[in-house]
Amino acid sequence: MLLTKRTMLKGMALIVLLVSLTGFHPQPVLAETEMNIEPAVIDRFIQSEMEKTGIPGLAVAIVRKDWSVYIKGFGQTGDGLPVTTETPFAIASLSKSITALAVMQLAEAGKISLDASVTKYIPSFRTADPRGADITVRRLLQQTSGLTDRALPEMALSRRPDTLEEAIARFQAVKLASDPGRAYHYHNPNYQILARLVEAVSGELFGDYLQKHIFQPLQMKNTFDVANTNQFYEQDGHFPNGHIFVYGKPVAVKEPAWFIEGAAGNVSTIEDMASWLKLNLNGGMAQGVRPLSAEGIRTMHSPAGPDKSYAMGWRWNERGRQIEHNGILWTYYADQVLLPESGYGIAVLFNSGLNALTDYSVFTRGLTDILNGKEPEGSFLSKKAMEIMIGLLTAVTLFFGIRSLVRLQSWENKTRRRPKWVTALLLVPALIPSILFACLPQILTFVGGGRVLGWERIFLMMPSMFIGLMLYALVCLIIVLGRMIRLIRMR
């Protein structure tokens, strides 16, 4: 609801009181009045989409240049507490834009040349491919190093590094998928190399560098860096579990072990992310400081290379005329969007993670519509409804599977006069579900642009579908085995 003249005449003290009760700050209220943005409209949209998607908790920040227009938390944490503007979230790959800023700071200080080989700054960096010497700092930033998930399936490896030095050592056995600079391949370890580069050049631990040169100057008081996901839960402040979805119900679980420093290792709050958005919308200036020049910010935001959309920790969306990046973990998700033409920035942090049925981008799309004076376009289908359908299909699968097993004698009687080789051949199609399920990691790698996932990650990404597919494959396999036994006995 917009402030009326009568309300404004009640004085600054009353304004501050209203602000504290609604979760807004004095600056956002002024910005809302000038830009004619109604918080109630945003509230209704967020709550409606949370209901459709089943997302348990999220926090939203909208800024315009150096104003905080809207900052608010919704729903509950994994501990059942209300989400506030100070609730910590894992921001996942939004961390890449922060890592890129650290690298650009060192470049502007003359300590790094973006077009120099990374081996100049990290002599220990070696690959099993001589082309590795042509990997430059810029190519790492733009994800065109030639390194890929197929060459180093870091999310599927059983042994994970504990430090950036160990992460760098893994490349000694890795070959490139393409010549450096030739093709775009989104690969988290590119940014792990960059984090090690920051350490090598600055002489500071990566997390310490971020605190001293980025988080503290920007007054991001509740933002910190970790090397692996286990460290989320080792900090002084309590970090709540995120969620996965099982048949539409959010289930709080601990984030699985994963080395993420440089690529996805930052934890932040929505208040701190508002400061981050302001920096990127104001040419490197926020909170009265300038951690990077306006030209440096433009370079970070400008796509280049063969992909024509990926810049440096940011992606250019030509259709929406916006700069964006999302962040994905298995129990947390994050989105950030910059709208250069209007000067707005949006960040949405979620305490639920990657899910095959959840369209997280509907929130930033709808908020962008509202900021542009349009009716927000919400989700077309309810995720809850889709989850219920999957549950019903799973139940139907079990029913007919058990029915087929109970009626094995009837099947034997019907096929007794048929040639045995024909009956055996007709059983082959029933093995297809089991074969497809066994090949699920390879199928998802193919359709997912080369990202390699292990079985644990696949389950966390789509628990309901995983359970349904597994049961379907298992039922089909048991039926085939039962019929094969009957067929052998008939002989």
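All values reported here derive from a predicted model rather than from experimental measurement.

A word on helix 4 (residues 39–53). Relative to the 21 Å expected for 15 residues at 1.5 Å per residue, helix 4 spans 21 Å between its end C-alpha atoms, a close match to the ideal helical length. Regarding helix 4, the residues found buried are Pro39, Ile42, Asp43, Phe45, Ile46, Glu49, Met50 and Thr53. Taken end-on, helix 4 shows its buried residues confined to a sector of 170°, consistent with a single buried face. Residues of helix 4 that are exposed and angled more than 90 degrees away from the buried face: Arg44 and Glu51.

Between helix 5 (residues 95–108) and helix 11 (residues 294–301), whose axes approach to 10 Å, the crossing angle comes to 135°. Here helix 11 runs oblique to helix 5, going by the angle between their axes. Helix 11 is crossed by helix 5, and the crossing has right-handed handedness. Side by side, helix 5 and helix 11 meet where Ser97, Ala100, Leu101, Met104 and Glu108 of the first sit next to Gly296, Ile297, Thr299 and Met300 of the second. For the contact of helix 5 with helix 11, a count of residues per class yields 5 nonpolar, 3 polar and 1 charged.

Let us look at the sheet that holds strand 3 (residues 89–90). Sheet architecture is open: 3 strands sit in the order 3-7-4, paired in antiparallel fashion. Each of the sheet's edge strands pairs with one partner strand only, and the pair in question is strand 3 and strand 4 (224–225). As judged from the 2 bridges shared by strand 4 and strand 7 (residues 266–268), these two strands associate in the antiparallel manner. When the bridges of strand 7 are listed, aspartate 225 appears paired with asparagine 266.

Turning our eyes to something else, we now look at a nonpolar patch on the surface. Together, Ile432, Leu436, Ile443, Phe446 and Val447 line one region of the surface with nonpolar side chains, adding up to about 500 Å² of accessible area. It is helix 17 (residues 440–447) that provides the largest number of residues to the nonpolar patch, a total of 3 residues. Tracing the backbone shows isoleucine 443 in helix 17. Here isoleucine 443 falls in the partly exposed class, since its relative accessible area comes to 33%.

The next point concerns helix 19 (residues 463–490). Its 28 residues give helix 19 an end-to-end C-alpha distance of 40 Å, which sits within 8% of 40 Å, the value for a rise of 1.5 Å per residue. Every buried residue of helix 19 is accounted for by Pro463, Ser464, Phe466, Gly468, Ala473, Val475, Cys476, Ile479, Val480, Gly482, Leu487 and Met490.

Here we take up the state of the cysteines. All chains considered together, the criterion is met by 0 disulfides. Free of any disulfide, cysteine 439 has its nearest cysteine sulfur in cysteine 476, 15 Å distant.

Its volume calculated, the largest pocket comes out at about 1,100 Å³. Lining the largest pocket are 42 residues; nearest its centre among them are Asn326, Ile328, Tyr333, Asp335 and Ser361. The greatest single-element share of the lining of the largest pocket, amounting to 6 residues, is contributed by strand 9 (residues 322–328). Looking at the lining of the largest pocket residue by residue, the classes come out as 14 nonpolar, 18 polar and 10 charged.

For lysine 65, which is not glycine, the phi dihedral falls at a positive 55°. One can find lysine 65 in the loop between strand 1 (57–64) and strand 2 (67–75). Positioned with a positive phi, tyrosine 247 is a non-glycine residue whose angle comes to about 50°. Here tyrosine 247 is to be found in the loop between strand 5 (242–246) and strand 6 (249–253). By relative accessible area, which is 30% here, tyrosine 247 ends up partly exposed.

What counts and how
Residues numbered from 1 in each chain as written. Predicted model: local features only at pLDDT ≥ 70, side-chain atom pairs only at ≥ 80, totals over all residues. Heavy atoms only, no water. Helix = DSSP H or I, 4+ residues; strand = E, 2+ residues; numbered from the N terminus. Expected span 1.5 Å × (residues − 1). Buried < 20%, exposed > 50% of the residue type's maximum accessible area, 1.4 Å probe, protein only. Arc of directions from axis to C-beta. Axes fitted to C-alpha atoms, helices over the stretch in contact; angles between N-to-C directions. Parallel < 35°, antiparallel > 145°, perpendicular 65-115°, else oblique. Left-handed = near helix turned anticlockwise from the far one by under 90°. Contact = heavy atoms within 4.5 Å. Nonpolar A, V, L, I, M, F, W, Y, C, P; charged D, E, K, R; others polar. Pairing = 2+ DSSP bridges. Patch = residues over 30% accessible without salt bridge, like charges linked within 9 Å, V, L, I, M, F, W, Y side chains within 5 Å. Areas by Shrake-Rupley, 256 points an atom, 1.4 Å probe, with all protein chains shown as cover. Salt bridge = Lys/Arg side-chain N within 4 Å of Asp/Glu carboxyl O. Disulfide = S-S within 2.5 Å. 1 Å grid on protein atoms, 1.4 Å probe; cavity = no way out; pocket = protein on both sides within 12 Å on 5 of 7 lines; lining within 4 Å. Points joined across faces, edges and corners; volume = space filled by probe spheres on them.

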